[in-house]
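Close look at the chain arrangement
Chain by chain, the residues:
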Amino acid sequence: MNDPTRAREALRHTIDTHFEEQVRTLARLVQCPSDNPPGDCAPHAELTAGLLEAMGFAVERHPVPAEFAAAHGMRSVTNLIVRERFGNGPVVALNAHGDVVPPGDGWSVDPYGGEVRDGWLYGRGAAVSKSDFTTYAFALRAIKALAASGTPLAGTVELHLTYDEETGGMTGPGRILSEGLSRPDFVLSAAFSHHVVVAHNGCLHLEVTLRGKSAHAARPDTGHDAIEAAASLLPALYRHRDELARRPSQTVGITHPTLVVGLIAGGINTNVVSDVLSLRIDRRIVPEESPEAVEAELREVIESACRPLPGITADIRRILLARPFAPAPGAQALTDLVCDEASRVMGKPVTPIGVPLYTDARLYSEAGIPTVMYGAGPESLLEANGHRADERVPLDELRKATLVVANTLHRILTTQPSTP
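What this report covers is the structure whose coordinates are included nearby.

Reading the values: the criteria
Residues numbered from 1 in each chain as written. Predicted model: local features only at pLDDT ≥ 70, side-chain atom pairs only at ≥ 80, totals over all residues. Heavy atoms only, no water. Helix = DSSP H or I, 4+ residues; strand = E, 2+ residues; numbered from the N terminus. Rg over C-alpha atoms; globule rule 2.2 N^0.38 Å. Buried < 20%, exposed > 50% of the residue type's maximum accessible area, 1.4 Å probe, protein only. Areas by Shrake-Rupley, 256 points an atom, 1.4 Å probe, with all protein chains shown as cover. Lys, Arg positive; Asp, Glu negative; His and termini not counted. Charge placed at Lys NZ, Arg CZ, Asp CG, Glu CD. 1 Å grid on protein atoms, 1.4 Å probe; cavity = no way out; pocket = protein on both sides within 12 Å on 5 of 7 lines; lining within 4 Å. Points joined across faces, edges and corners; volume = space filled by probe spheres on them. Nonpolar A, V, L, I, M, F, W, Y, C, P; charged D, E, K, R; others polar. Salt bridge = Lys/Arg side-chain N within 4 Å of Asp/Glu carboxyl O. Pairing = 2+ DSSP bridges. Axes fitted to C-alpha atoms, helices over the stretch in contact; angles between N-to-C directions. Contact = heavy atoms within 4.5 Å.

Before going further, it helps to examine the overall build of the protein chain. Secondary structure assignment for the protein chain yields 12 helices and 17 strands. A globule of 420 residues ought to have a C-alpha radius of gyration of about 22 Å, and the protein chain, at 23 Å, matches this closely. Once the C-alpha set of the protein chain is aligned to its principal axes, its extents read approximately 85 × 40 × 40 Å. In the protein chain, which comprises 420 residues, the share counted as buried stands at 56%. Accessible surface for the protein chain amounts to roughly 17,000 Å². Of this, 52% is attributable to carbon and sulfur atoms. Averaging the positions of the 39 positive and the 51 negative side-chain charges in the protein chain gives two centres separated by 1 Å.

Rendered as structure tokens:
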């Protein structure tokens, strides 16, 4: 079957035939918790591997050593790789992550229920990004069926299913690449809406520990109050935040750098002057910024605010540095291809954008691999309630995204775009 129109119809038929199974599979994935933290995700990987094997895939399990996982904030990680070779040609990797943020409060449904309501499937991870475990797996299944029907294909498609995107990706895609487990020519990575994402923010997390001297609350003059020191540091950080809002990004979909103080802990007791207070800062890095310059600037803001404070020292520790995602050489052709296929299926123009989040896609792009983010989702992450109560994915968009990915794979495996 060399006719592209007939191939598209065959792919659509296979995806439609198995769509109820795809929805059941997504519900099963949502029903198995994989919250990160705490990051004990090996059980979910084993469930996923079993579901993939039941679909006829050979699944490689790559457990991450416990010490390495712990060093990156994880309790247990098993990376899964599926490789389907159709002949000599480019290697295309499809990457999605199965770890999710804890559900929190405010849900109208069971966050681990996988309930379908009014055409949406609800649950933690339904949109970010267990949905794309199924988008990619069922698209690949359709490609396998097309090849079995006689359509000549050339190349290899891999699934890279990983479990640490919420903590930086170094035990997932970072390890797959550094250990030489795969070196794809092209990557499609999970997204959150039906847009084609070609850039996203980076992220810097710093922990600041203010140290003073404890004292009895009846004699506060004999101590140095770390909580009072925070009253000087926090305004300096928020003034810096306001300054960042005046630095617009040139990337469509991204506004400007942001800064949030997300955690504060300190104090011994009500009647004791606090000798220690710690806080954590989230600084989002737009694609035009240098991560090294961003960190140096933020450290100077902190040190300048604390330097005049008697008896107070400030220890600054980097927790995370995720670089922004920007297109690698050769990514434009892949971007154009995915936009074309998405526009065909959606029936309206789908154009490339950037997003203010950070994801695993950056790790492939940093390695010089043309990478595009595309997967199941509504118009925006806000509609999907990503990282919020009542996270959900629209089933119609899940079906369409699966077809877009299958059509994209078909074109790559038949037209063989130039590899980098």
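Still more ground to cover, so stick around.
Applying the stated criterion across every chain, the model contains 2 cavities of 30 Å³ or more. Approximately 70 Å³ is the volume attributed to the largest cavity. If you trace the largest cavity, you find it lined by Thr25, Leu29, Thr48, Leu51, Leu52, Met55, Phe133, Thr134, Ala137, Phe138 and Leu161. At the level of elements, α2 (19–31), α3 (42–54) and α5 (130–148) are the ones that each hand at least two residues to the lining of the largest cavity. Tallying contributions element by element places α5 first for the lining of the largest cavity, with 4 residues. A class-by-class count of the residues in the lining of the largest cavity yields 8 nonpolar, 3 polar and no charged.

This part is about the pattern of salt bridges. Applying the stated criterion across every chain, the model contains 27 salt bridges. The salt bridge partner of Arg8 is Glu341, with a shortest N-O separation of 2.7 Å. With a gap of 333 residues between them, Arg8 in helix α1 (residues 4–17) and Glu341 in helix α9 (residues 331–346) connect regions that are remote in the sequence. Of the residues examined, Glu341 reaches a relative accessible area of 0% and is grouped as buried. One salt bridge connects Asp282 with Arg284, and the closest N-O pair in it is separated by 2.8 Å. A single burial state applies to Asp282 and to Arg284, both of which are buried.

Pairing is antiparallel across the open sheet formed by 4 strands, whose spatial order is β11-β13-β9-β14. The open sheet is flanked by β11 (258–266) and β14 (313–322), the only strands paired with a single partner. Looking at each pair of strands side by side, their axes are set apart by 20° on average, direction ignored. As defined by bridge partners, strand β9 (residues 202–211) adjoins β14 across 9 bridges and the pair is classed as antiparallel. Bridge pairing links Glu207 to Arg317 in β14.

This part takes up the sheet that holds strand β5 (residues 120–122). Taking strand neighbours across the sheet as the criterion, the 3 strands line up as β4-β5-β17 in an open arrangement whose pairing is antiparallel. Only two strands of the sheet have a single partner each, and these edge strands are β4 (116–117) and β17 (392–394). Direction of pairing for β5 relative to β17: antiparallel, over a ladder of 3 bridges. When the sheet's bridge partners are listed, Trp120 is paired in β17 with Pro394. With respect to the sheet, helix α12 (residues 395–415) is in contact with β4, β5 and β17, its orientation differing from that of β17 by roughly 65°.

Omega for the peptide link from Pro37 to Pro38 comes to 10°, which places this bond in the cis form. Position of Pro38 relative to the elements: it lies in the loop between α2 and α3. Residue Ser129 is reached from Val128 by a cis peptide bond, and omega for that bond is -15°. With respect to the helices and strands, Ser129 occurs in the loop between β5 and α5.

Each pocket or cavity is described by its volume, and for the largest pocket that value is around 1,400 Å³. Those elements that place two or more of their residues in the lining of the largest pocket are β9, β11, β13 (276–285), β14, α10 (361–366) and α11 (381–384). Broken down by element, the residue count for the lining of the largest pocket peaks at 5 residues, all from β14. Roughly 210 Å³ of volume is contained in the second largest pocket. Along the walls of the second largest pocket sit 15 residues, with Ser193, Val355, Pro356, Ser380 and Leu381 positioned nearest its centre. Counting residues per element, the ones that place at least two in the lining of the second largest pocket are β15 (352–355) and α11. At 3 residues, the largest contribution of residues to the lining of the second largest pocket is made by β15. Residues that form the lining of the second largest pocket fall into these classes: 9 nonpolar, 5 polar and 1 charged.

Moving on, we come to the pairing of β13. When you tally the buried positions in β13, you get 7 out of 10 residues, the bulk of the element. Relative to β13, β9 runs antiparallel, the two being bridged by 10 bridges. Bridged to Leu206 within β13 is Ile281. Here β11 pairs with β13 via 8 bridges, running antiparallel. Residue pairing in the sheet places Leu263 in a bridge with Arg280 of β13.

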